[in-house]
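Spelled out from the first residue to the last, the chains are:
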Amino acid sequence: MVIVGAGVIGLACAMELAARGRDVTVLETLAAPGQASSSRANGGVRAQFTTAANIALSMFSIEAYERLERDTSLPGFRQHGYLLIAGDEETERGLRTAHDLQRSMGVDTRWLGPDEVLAKAPFVEPEGIRAGTFHARDGVVDPAGVVTAFERLARANGVTIGLGSPVTAIDGDGGGFRVRHGEGAVTAGVLVNAAGADAREVARMLGADVPVEPVRRNLALFLDAPGDPTPMVVDVATGVLVRREGAGGWVVAYSNPQDRPGRATSVDPAFFEDLAARIPERFPFLAELPLDPARCWAGLYPETPDHHAIVGRDPGVPGLVHCVGFGGHGLMHAPAAGRAVVELIVDGACSTFDLRPLRPSRFAEGDLVVETAVL
Ligand SMILES: Cc1cc2nc3c(=O)[nH]c(=O)nc-3n(C[C@H](O)[C@H](O)[C@H](O)COP(=O)(O)OP(=O)(O)OC[C@H]3O[C@@H](n4cnc5c(N)ncnc54)[C@H](O)[C@@H]3O)c2cc1C
């Protein structure tokens with residue numbers, strides 16, 4: 001089997017396939033694994049989504065990261081929770097619906113009144129807080145640690161990772177694939193597209209399509225003295241999310257839904273304007289802190305129109321499996337992605353998850369379920 005892309009998704013697929021005895025080669029353009037989107041993530045892991053599909057992927061992945069943390073400490077999984085705050089009636093209604101769905105699926109999300117919100121995040125502006133939700137097993141992983149853990153597990157099970165090996169062309173005749181890359185060519189019976197923000201280009205090499213667009217996302221670091229790590233605090237109305245790093249400073253994110261697709265990965269100057277307009281509402285203390293432009297960064301979300309990943313067999317190309325389009329959720333959903341792909345390929349169907357909402361054909365069928373908790 002050949003997997004195109006050694007980000008967290010490709011590595012998770014490789015690790016799981018090799019653990020089931022499959023002969024796996026991963027081909028990666030860059031000189032090291034995880035150096036495209038995966039290494040640039042904020043590290044957030046949460047079960048607080050609005051759709052059953054995403055909640056199921058999160059529940060599986062949280063357990064997997066908890067196990068991996070116990071066994072290796074490599075993911076650096078710190079479970080300080082995610083705290084979502086509603087400051088108006090509409091966001092409160094949305095939070096309530098999501099909270100009820102999460103609880104119905106076994107996630108222990110708690111409903112908080114304004115005083116309980118402030119007890120968990122005394123640094124936020126209290127004015128107008130109506131309610132909040134908190135899930136204690138949410139948290140943050142270290143992206144580099146996750147890449148290292150998955151790479152080691154994959155290699156330990158015999159996976160070959162070809163670095164500096166961009167896939168440039170793929171020929172498929174229904175009986176297998178011939179994959180041409182930087183250093184030559186390999187053949188494969190099954191091909192997994194895990195090319196992140198480049199997934200569409202890889203699909204097109206076989207005349208297929210997946211609607212994955214690269215969208216730049218930015219993170220800022222505000223300098224401050226060391227302090228206790230906080231939950232990831234999300235002001236749902238403005239979309240700003242904030243967490244304190246134990247070593248000092250506040251990591252702040254905001255994803256402007258108006259941002260157009262593109263490949264730039266330098267920090268967008270408009271991001272700072274977006275923050276300046278939005279942080280005073282719930283996080284006015286940040287306005288008093290210096291922002292370190294040298295420690296702000298950006299990268300690409302591999303986005304889809306419905307903010308769900310695309311996981312499944314291509315409807316037109318036998319042997320081609322897509323595992324792409326994880327948007328801002330790829331790091332957290334990688335363990336689940338690997339499990340879904342191994343079951344699809346080795347068992348013939350996925351039994352751990354209902355992959356119907358993630359199937360590649362849903363776009364052509366116009367049958368989309370949209371995730372709205374997009375950060
Ligand atoms: C600023 C920012 C913050 C984020 N925060 C979070 C977060 O808090 N939580 C979370 O879960 N996610 C977060 N994400 C999203 C997360 O990083 C992505 O969803 C995830 O990394 C996607 O993994 P991937 O393996 O699909 O993509 P990638 O890591 O991009 O890997 C794809 C790989 O495929 C390779 N490739 C592409 N084309 C070819 C080719 N033709 N031949 C060979 N190799 C090829 C690329 O070089 C790349 O290494 C964030 C992303 C950004 C940018």
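Before reading further, recall that the structure is shown in the block above.
Residues numbered from 1 in each chain as written. Predicted model: local features only at pLDDT ≥ 70, side-chain atom pairs only at ≥ 80, totals over all residues. Heavy atoms only, no water.

Caption draft 1: Seen up close, the layout of surface pockets. Here the second largest pocket is characterised by a volume of approximately 700 Å³. Where the lining of the second largest pocket is concerned, the elements lending two or more residues are α3 (89-104) and β13 (213-222). Ranked by the residues each element gives to the lining of the second largest pocket, the list is headed by α3, at six residues. By residue class, the composition of the lining of the second largest pocket is 16 nonpolar, 11 polar and seven charged. (1 Å grid on protein atoms, 1.4 Å probe; cavity = no way out; pocket = protein on both sides within 12 Å on 5 of 7 lines; lining within 4 Å. Points joined across faces, edges and corners; volume = space filled by probe spheres on them. Helix = DSSP H or I, 4+ residues; strand = E, 2+ residues; numbered from the N terminus. Nonpolar A, V, L, I, M, F, W, Y, C, P; charged D, E, K, R; others polar.)

Caption draft 2: Structural detail: the environment of Val 141. You can see Val 141 is positioned in the loop between β7 (139-140) and α5 (143-156). For the pair Val 141 and Val 45, spaced 96 residues apart in sequence, the C-alpha to C-alpha distance is 7.1 Å. Leave out the neighbours within four places in its chain, and Val 141 touches Gly 43, Val 45, Tyr 65, Pro 75, Gly 76, Phe 77, Val 146 and Leu 331. (Contact = heavy atoms within 4.5 Å.)

Caption draft 3: Molecular detail of helix α8 (residues 330-347). In a regular helix each residue adds 1.5 Å, so 18 residues correspond to 26 Å; α8 covers 23 Å between its end C-alpha atoms and thus fits that length. Ala 336 marks the point of greatest bend in α8, at about 35°. Gly 348 sits one or two positions beyond α8 and adopts a positive phi of about 90°. (Expected span 1.5 Å × (residues − 1). Bend = angle between axes of the 7 residues up to and from the residue.)

Caption draft 4: The pattern of salt bridges, seen in detail. The final tally for this structure, using the stated rule, is 22 salt bridges. Among the ionic pairs, Glu 201 bridges to Arg 263, the shortest N-O distance being 3.6 Å. One end of the pair, Glu 201, is in helix α6 (residues 199-204); the other, Arg 263, is in the loop between β16 (250-253) and α7 (269-282), with 62 residues separating them in the sequence. The class of Glu 201 is partly exposed, set by a relative accessible area of 38%. Salt-bridge contacts for Glu 245 lead to Arg 243; the nearest nitrogen and oxygen are separated by 2.3 Å. Ionic contacts of the salt-bridge type, sharing partners, join the residues Arg 356, Arg 359, Glu 365 and Asp 367 into one network. (Salt bridge = Lys/Arg side-chain N within 4 Å of Asp/Glu carboxyl O. Buried < 20%, exposed > 50% of the residue type's maximum accessible area, 1.4 Å probe, protein only.)

Caption draft 5: Examining the nonpolar core more closely. Ile 3, Ile 9, Phe 150, Val 311 and Cys 323 are the most contacted members of the largest nonpolar core, which totals 57 residues. Looking at this core, the elements that each hand over two or more residues are α1 (8-19), α2 (52-72), α5, β19 (320-324) and α8. Ranked by residues supplied to this core, first place goes to α8 with 11 residues. Non-local contacts of Ile 9, meaning those with residues more than four positions away in its chain, are made with Ala 194, Cys 323, Phe 326, Gly 330, Ala 334 and Ala 337. Core analysis: the next-biggest nonpolar cluster, separate from the first, contains 25 residues, Ala 121, Val 240, Phe 283 and Leu 289 among them. (Core = buried A, V, L, I, M, F, W, Y, C linked by side-chain atoms within 4.5 Å.)

Caption draft 6: Representation of the packing of α2 against α8 within the structure. Running from N to C, α2 and α8 cross one another at 95°; their axes reach a closest spacing of 7 Å. When the axis of α2 is compared with that of α8, the two are roughly perpendicular. Two secondary-structure elements touch here, α2 through Asn 54, Leu 57, Ser 58, Phe 60, Ser 61, Ala 64 and Tyr 65 and α8 through Leu 331, Met 332, His 333, Ala 334, Pro 335, Ala 336 and Arg 339. Each residue belonging to the contact of α2 with α8 can be placed in one class, and the counts come to nine nonpolar, four polar and one charged. (Axes fitted to C-alpha atoms, helices over the stretch in contact; angles between N-to-C directions. Parallel < 35°, antiparallel > 145°, perpendicular 65-115°, else oblique.)

Caption draft 7: Region of the structure containing the site of the ligand. Among the 39 residues in the neighbourhood of the ligand, the closest are listed as Glu 28, Ser 38, Gly 44, Gly 327 and Met 332. Note that an oxygen atom of the ligand is positioned 2.5 Å from one of the side-chain N or O atoms of Ser 38. Within the backbone of Asn 42, an N or O atom sits 2.9 Å from a nitrogen atom of the ligand. Here the ligand loses 95% of its free accessible area of 1,000 Å² to cover by the protein chains. Those elements that place two or more of their residues in the shell around the ligand are α1, β13, β17 (297-303) and α8. (Near = heavy atom within 4 Å. Polar contact = N/O pair within 3.5 Å; in protein donor to acceptor, adjacent residues only side chain to side chain. Areas by Shrake-Rupley, 256 points an atom, 1.4 Å probe, with all protein chains shown as cover.)

Caption draft 8: The packing of aromatic side chains, seen in detail. Inspection of the entire model under this criterion finds seven aromatic pairs. Ring centres of Phe 271 and Phe 272 lie 5.6 Å apart, and the angle between their planes is 50°; this geometry places the pair in the tilted category. We classify Phe 272 as partly exposed; its relative accessible area is 28%. Its guanidinium or amino end placed over the ring of Phe 49, Arg 46 lies 4.0 Å from that ring's centre, counting from NZ or CZ. (Phe/Tyr/Trp six-rings, centres within 6.5 Å; stacked < 30°, edge-to-face > 60°. Lys NZ or Arg CZ within 6 Å of the ring centre and 35° of its normal.)

Caption draft 9: Seen up close, the pairing of β19. Burial within β19 is extensive, with five of its five residues counted as buried. Residues Leu 320, His 322 and Val 324 of β19 are buried on one face, and the alternating residues Val 321 and Cys 323, pointing to the opposite face, are buried as well. Two elements, strand β12 (residues 191-193) and β19, share three bridges in a ladder whose sense is parallel. Bridge assignment links Asn 193 to a residue of β19, and that residue is His 322. Alignment of strand β18 (residues 310-313) against β19, held across four bridges, turns out to be antiparallel. (Pairing = 2+ DSSP bridges.)

Caption draft 10: Region of interest: the side chain of Arg 200. Locating Arg 200 in the fold gives a position in helix α6. Judged by its relative accessible area of 16%, Arg 200 is buried. Excluding anything up to four places from it in sequence, Arg 200 contacts Asp 209, Val 210, Pro 211, Val 212 and Glu 213.

Caption draft 11: Fine view of the sheet that holds strand β11 (residues 184-188). The strand order β9-β10-β11 describes an open sheet built from three strands, whose pairing is antiparallel. With one partner strand each, in any of the chains shown, β9 (167-172) and β11 form the two edges of the open sheet. Pairs of neighbouring strands in the sheet enclose a mean axial angle of 20°, with direction left out of account. Here five bridges tie strand β10 (residues 177-181) to β11, and the two strands are oriented antiparallel to one another. Counted as the bridge partner of His 181 is Gly 184 from β11.

Read these as layout, nothing more, since geometry by itself doesn't imply function.
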